[in-house]
Amino acid sequence: MNEAIHPLARKTVVWHLAVTSLVLILMMIFGVIMLMNQGEMISITPQWFYKIMTAHGTGMVGIAALGGTAILWYFLSKYVKLNPAILIVNFVLFLTGVSMVLIAIFVFDFSDGWTFLYPLPAQSAKMYGAAGAVFFLSGMLVLGFGFLILYMYLAARLTAVYGGLGKALGWDIIFRGKKGYGPPAAVVATAMVIITNSTALLAGATVLAASLVNIINPAVTMDPLLAKHLTYAFGHIFANCTIYMAVIAVYEVLSEYTKRPWKANKVFLIAWNCSTLFTLMIYTHHLLMDFAVPKWMLIIGQVFSYANGLPVMVVTAYGALMIVYRSRMKWDFASSLFFLSMFGWVAGAIPAIIDATIVVNHVMHNTKWVPGHFHTYMGMGVVAMIIGFMYYFNKTEGNQEHRGIDTFTIALYFVFYGTCGLFPLCRRNQCTKKMVRTPAAMGAVRPGRRSQRNLYRSGRNHLHRKIFSGLRYVGSQVPYQKNQQLAEK
Amino acid sequence: MYQQIAMYATVFFVFLLALAFAFVYGESKRSGEYSTIQEKGYKIRKFYFLGLIAIMAFATVMTLGRLPYDSNQAEAEGLNEGKVVKVTGIQYAWEMSEETFKAGDKVQFDVTASDVTHGFGLYNENMELVAQTQAMPGYTNTVYYTFKEPGTYQILCLEYCSAGHHVMVKEIVVEPEGGASDE
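Residues numbered from 1 in each chain as written. Chains lettered and ligands numbered in written order. Predicted model: local features only at pLDDT ≥ 70, side-chain atom pairs only at ≥ 80, totals over all residues. Heavy atoms only, no water.

Let's shift gears to the overall build of chain A. Counting its regular elements, chain A contains 17 helices and zero strands. Considering chain A as a whole, with its 489 residues, one finds that 65% of them fall into the buried category. Looking at chain A as shown, the accessible area adds up to about 17,400 Å², and 67% of this sits on carbon and sulfur atoms. (Helix = DSSP H or I, 4+ residues; strand = E, 2+ residues; numbered from the N terminus. Buried < 20%, exposed > 50% of the residue type's maximum accessible area, 1.4 Å probe, protein only. Areas by Shrake-Rupley, 256 points an atom, 1.4 Å probe, with all protein chains shown as cover.)

Laid out in structure tokens, this is it:
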């Protein structure tokens, strides 16, 4: 049991994890509904499809952040005394924000995606009424405010205990030649997330507020390209940082299980400082197809997206391999998931890095490659860490025990997300019914029922012998009209 | 070509990654002195790090000279001497100043939008995405493409633009060089 954590905070962590679990199940159901609709096993209207898509995207990023926060708070409490009231405030504001977002989507029909790309909310407000957009954007503001309060508090605590965020990131060791090890990994990661996510939240708040003002008074406008920069500075960084919070559990638990220290040496600290800087810079890879953006900025998007993979691949994932190697570690639900989550993190990052190459992005931006990447990254990385932590937490604070079926569920879970990662392989003749249409990041297309049956039949016949030839069609999409032509033939 | 490279590269690197994790998992059942493992591991890491840097540097050098929005390169390849077509995205249609082309046409698409952000994605007859740019109100993005093969091409919206996004598709006909299509 973690004696250092305040009992009230421990209870709040439970609430964080409970909400994360419930929403995760709901989001998985939403994902399956979308797939079933695309496979024509069920039929929902496009409006409902896009509403569910909006809820799915917003909800998944939201609970990844909520679960990551629970992990961060739980382990940071071992090193820094924290006031549970802040965690409770974060939780209440999260629930308030989520409620507003759900009302926006399911009561007022808001369906502009979790990216709410300006000026789309204002345009939708004209067609469907302002209430949906106002509820959604305000709900996101409330959510962001809750996290910003948390980070400001944590920044104050790290400053009080370690003398500033720079020292928490080990600057005195990197730049001033101080000997020894830096602060615990949980502290280093927290400092990184404070810097990056606070920046993200301020960028997000700016574009959210501007969008709201634009809806209320259309005369007040914002440059769409600037809005897009702010949106992805918010969205990419915030989604990316969920794993930098969750990985704290991997450091702590693998170290405990292997009885080996995972200390913050100089290379470790340099890696986390690089991650801090690069994570702030690389959101521009979302704008690689905005040719109006200065070329130097887009080249930064490519080069630093490559570079951002290095700290993970060379230090964090490699460190996990090294600490487990010949450790005689006990393999249970938590250690298995944490180990596999490091695989999932890197396996999800590889296609993202490749897609950040401008010439590749030119023929793959916003195709099924994108959900392929982030379902691997989120499902096999972040969510695997969160579920691993749930087990660890229940084992440490309760009486959870590993059972045989747990090993089976881990295998099943990774096969499920491994299949999600295969989205980009799917093309008309190589697809099974379930895989035939997967929405691109924000580009769902719903094929007709008759064409879908044809696709299924041809896919079933061709799947086995053409699986590898399917690799040639990565990034392509099957449009509605094309399916109709196929069906007519 | 780039789509194939991306796929094979991903499969290759993820396979290597899986091998590494499987190897370490297999070795986790044995015991070893951690300080010795660390010493050897850090030595291997240096080469691993340099190897990754080399791969990334190679990819950077090979790709940055072929940027799709490089007007200098378009000029060098004569792409900007062809037709200029104005394209406007609007919920949920594509308005184009010209819709019929011939194989061999070098086309400069000047793409914008009149309401919200759309994505201009040009697909060939095999439904392979061959070029794209974003269509954004207030900005004009120029993308160059040479129609090498005749056939029916399609423009799909590749940026979610609200409830009719999936119907925002336009067909354009590229006739064979020197004559109309047989069909």
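Right, let's get into the packing of helix α9 (residues 224-258) of chain A against helix α10 (residues 266-281) of chain A. For any two helices packed against each other, the geometry comes down to the angle between their axes and how far apart the axes lie. All names here are of chain A. Put simply, α9 and α10 touch, their axes get as near as 10 Å, and they point 160 degrees apart. Relative to α10, α9 is oriented roughly antiparallel. Our pair here, α9 against α10, has a crossing hand that is left-handed. Between α9 and α10, the residues in contact are Ile237, Asn240, Cys241, Tyr244, Val247 and Tyr251 and Phe268, Trp272, Ser275, Thr279 and Leu280, respectively. Along the lines of polarity and charge, the residues of the contact of α9 with α10 split into eight nonpolar, three polar and no charged. (Axes fitted to C-alpha atoms, helices over the stretch in contact; angles between N-to-C directions. Parallel < 35°, antiparallel > 145°, perpendicular 65-115°, else oblique. Left-handed = near helix turned anticlockwise from the far one by under 90°. Contact = heavy atoms within 4.5 Å. Nonpolar A, V, L, I, M, F, W, Y, C, P; charged D, E, K, R; others polar.)

Paired through backbone hydrogen bonds, the strands of a sheet run either parallel or antiparallel to each other. All names here are of chain B. Strand order across the open sheet formed by five strands is β3-β9-β8-β5-β6, with mixed pairing between neighbours. The open sheet terminates on both sides in strands that have one partner only, identified here as β3 (100-102) and β6 (129-135). Between one strand axis and the next, the sheet turns by 25 degrees as a mean value, whatever way the strands run. Note: strand β5 (residues 118-123) against strand β8 (residues 151-157), four bridges, orientation antiparallel. Across the sheet, Phe120 pairs through a bridge with Cys157, a residue of β8. (Pairing = 2+ DSSP bridges.)

Here we come to the sheet that holds strand β2 (residues 93-96) of chain B. Residue and element names in this part refer to chain B. Taking strand neighbours across the sheet as the criterion, the four strands line up as β2-β1-β4-β7 in an open arrangement whose pairing is mixed. The open sheet terminates on both sides in strands that have one partner only, identified here as β2 and β7 (141-146). Between one strand axis and the next, the sheet turns through 30 degrees on average, direction left out of account. One ladder, built from seven bridges, connects strand β1 (residues 83-90) with strand β4 (residues 106-113); its direction is parallel. Bridging from a neighbouring strand, Lys86 pairs with Asp110 of β4.

So, on to the nonpolar core. Ranked by internal contacts, the top residues of the largest apolar core, which has 210 residues, are Phe389 of chain A together with Phe109 of chain B. Counting residues per element, this core draws most heavily on α9 of chain A, which supplies 22 residues. Formed by six residues, the second largest nonpolar core is a distinct cluster that contains Tyr123, Leu129, Leu158 and Val169 of chain B. (Core = buried A, V, L, I, M, F, W, Y, C linked by side-chain atoms within 4.5 Å.)

With 78 residues of chain B at the contact, the number on the chain A side is 90 residues. When chain B packs against chain A, close to 7,700 Å² is buried across both sides, 68% of that on carbon and sulfur atoms. When the area that chain B buries against chain A is broken down by residue, the three leading residues are Phe21, Tyr69 and Tyr160 of chain B, summing to 11%. As a salt-bridge pair, Glu27 of chain B and Arg326 of chain A come within 2.7 Å of each other at their nearest N and O atoms. Summed over the shared surface of chain B and chain A, the result is 26 residue pairs in polar contact (both at pLDDT 80 or more). Residue assignment for the side of chain B that touches chain A shows that the elements contributing at least two residues are α1 (2-27), α2 (34-63), β6, β7, β8 and β9 (169-175) of chain B. Looking at the side of chain B that touches chain A element by element, the count peaks at 18 residues for α1 of chain B. (Buried area = accessible area lost by both parts, 1.4 Å probe. Salt bridge = Lys/Arg side-chain N within 4 Å of Asp/Glu carboxyl O. Polar contact = N/O pair within 3.5 Å; in protein donor to acceptor, adjacent residues only side chain to side chain.)

The next thing to look at is the confidence of the model for chain A. Here chain A averages 86 in pLDDT, and 85% of its residues register 70 or above. Confidence drops under pLDDT 50 across residues 426-489 of chain A; counting only partners more than four residues distant or on other chains, this segment forms 152 contacts. (pLDDT = per-residue confidence, 0-100.)

Now for the pattern of salt bridges. All chains considered together, the criterion is met by 11 salt bridges over all chains. Between Lys178 of chain A and Asp172 of chain A there is a salt bridge, and its shortest N-O distance comes to 3.6 Å. Lys228 of chain A is the partner of Asp290 of chain A in a salt bridge, and the nearest nitrogen-oxygen pair spans 2.7 Å. Separated by 62 residues along the polypeptide, Asp290 of chain A in the loop between α10 and α11 (295-324) and Lys228 of chain A in helix α9 bring together distant segments of the chain. The pair formed by Asp290 of chain A and Lys228 of chain A is uniform in burial state, with each residue classed as buried. Residues participating in the shared-partner salt-bridge network are Arg326 of chain A together with Glu27 and Arg30 of chain B.

One full turn of an α-helix is made of 3.6 residues, so residues set three or four places apart face in the same direction. All names here are of chain A. With 30 residues, α11 extends 43 Å from end C-alpha to end C-alpha; this agrees with the ideal 44 Å at 1.5 Å per step. The largest bend in α11 is about 35 degrees, located at Tyr318. Residue Arg326 follows α11 closely and has a positive phi angle near 50 degrees. (Expected span 1.5 Å × (residues − 1). Bend = angle between axes of the 7 residues up to and from the residue.)

So, on to the packing of aromatic side chains. Tallied over the full model, the rule gives 42 aromatic pairs over all chains. Ring geometry for Trp331 of chain A against Phe339 of chain A: centres 5.2 Å apart, planes inclined by 75 degrees, an arrangement best described as edge-to-face. Ring centres 6.3 Å apart and planes at 85 degrees place the aromatic pair Phe109 of chain B and Phe147 of chain B in the edge-to-face group. Highlighted residues: Phe109 of chain B in strand β4 and Phe147 of chain B in the loop between β7 and β8, separated in sequence by 38 residues. We classify Phe109 of chain B as buried; its relative accessible area is 1%. The class of Phe147 of chain B is buried, set by a relative accessible area of 0%. Here a set of aromatic residues connected by ring pairs shows up, and it is made of Trp94, Phe101, Phe109, Phe120, Tyr145, Phe147 and Tyr153 of chain B. Cation over ring: Lys51 of chain A sits above Trp48 of chain A, and NZ or CZ is 3.9 Å from the ring centre. (Phe/Tyr/Trp six-rings, centres within 6.5 Å; stacked < 30°, edge-to-face > 60°. Lys NZ or Arg CZ within 6 Å of the ring centre and 35° of its normal.)

Before going further, it helps to examine the environment of Leu129 of chain B. All names here are of chain B. Structurally, the position occupied by Leu129 is in strand β6. Given a relative accessible area of 3%, Leu129 falls into the buried group. The spatial distance from the C-alpha of Leu129 to the C-alpha of His166 is 16 Å, given a sequence separation of 37 residues.

All names here are of chain B. In terms of burial, β8 is largely enclosed, as six of its seven residues are buried. In the sheet, β8 pairs with β9 via six bridges, with the strands oriented antiparallel. By the bridge assignment for β9, Thr152 is matched with Val173.

The omega torsion of the bond from Tyr118 of chain A to Pro119 of chain A falls at 5 degrees, within 30 degrees of zero and hence cis. Inspection of the secondary structure puts Pro119 of chain A in the loop between α3 (84-106) and α4 (120-128). In this chain, Gln91 of chain B is followed by Tyr92 of chain B through a cis amide linkage whose omega measures 0 degrees. Along the chain, Tyr92 of chain B turns up in the loop between β1 and β2. A positive phi angle is found at Arg326 of chain A, which is not glycine, with a value near 50 degrees. Among the secondary structure elements, Arg326 of chain A is positioned in the loop between α11 and α12 (333-355). For Arg326 of chain A, a relative accessible area of 23% corresponds to the partly exposed category.

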